[in-house]
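Structural description and commentary
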Amino acid sequence: NSVKKYFTEKPIVNEEKCSKCATCSKICPVSAITMKGYPFFDYDKCIRCYNCQELCPEKAIYLEKTKLQKMFKM
């Protein structure tokens, strides 16, 4: 899992679209999202299942490529 984070996109919240409904926090299977006004992601806990992005009713969560992915244009 520690290597996986260097090669898989991470979820990021678009605060302009987010309605703070907490759906993402409620459906996260590993409790990696806490609400601090907007969703806050604990990327050390995140297993990159992307349920948060798929189930966000506002489509406010997008995936950001890692620095390695950007460097190697993956």
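To be clear, the structure that these remarks concern was listed above.
Because the structure is predicted, anything quoted here is derived from the model rather than measured.

In this section: the pairing of strand 2 (residues 33-36). In this structure, strand 2 lies alongside strand 3 (residues 38-41), joined through four bridges in antiparallel fashion. The partner of K36 across the bridge, within strand 3, is Y38. Hairpin connection from strand 2 to strand 3: one residue lie between these consecutive antiparallel strands, with G37 at a positive phi of about 85°.

Further remarks concern the side chain of T8. Within the secondary structure layout, T8 lies in the segment before strand 1 (10-13). Exposure remark for T8: the relative accessible area of 18% places this residue in the buried category. With residues near it in sequence (within four places) discarded, T8 still touches R48, Y50, T66 and Q69.

Of note, A22 is a non-glycine position whose phi angle comes to about 70°, a positive value. Its relative accessible area of 17% is what places A22 among the buried residues. Backbone geometry places Y50, a non-glycine residue, at a positive phi of 65°. For Y50, the position within the fold is in the loop between strand 3 and helix 2 (51-55).

Calculation rules
Each chain has its residues counted from 1, running along the sequence as written. Owing to the predicted nature of the model, reporting of local features is limited to residues with pLDDT of at least 70; listing and counting of side-chain atom pairs is limited to 80 or more, with chain, interface and lining totals taken over all residues. Each side-chain value is worked out from all heavy atoms of the structure, with water and hydrogens disregarded. Strands are labelled as partners when DSSP assigns at least two bridges between them. Strands are runs of DSSP state E lasting at least 2 residues, helices are runs of H or I lasting at least 4, and numbering of each runs from the N terminus. Whether a residue is buried, partly exposed or exposed follows from its accessible area with a 1.4 Å probe, protein chains only, as a fraction of its type maximum: under 20%, in between, or over 50%, in that order. Only heavy atoms enter the contact rule, under which two residues are in contact if any of them lie within 4.5 Å.

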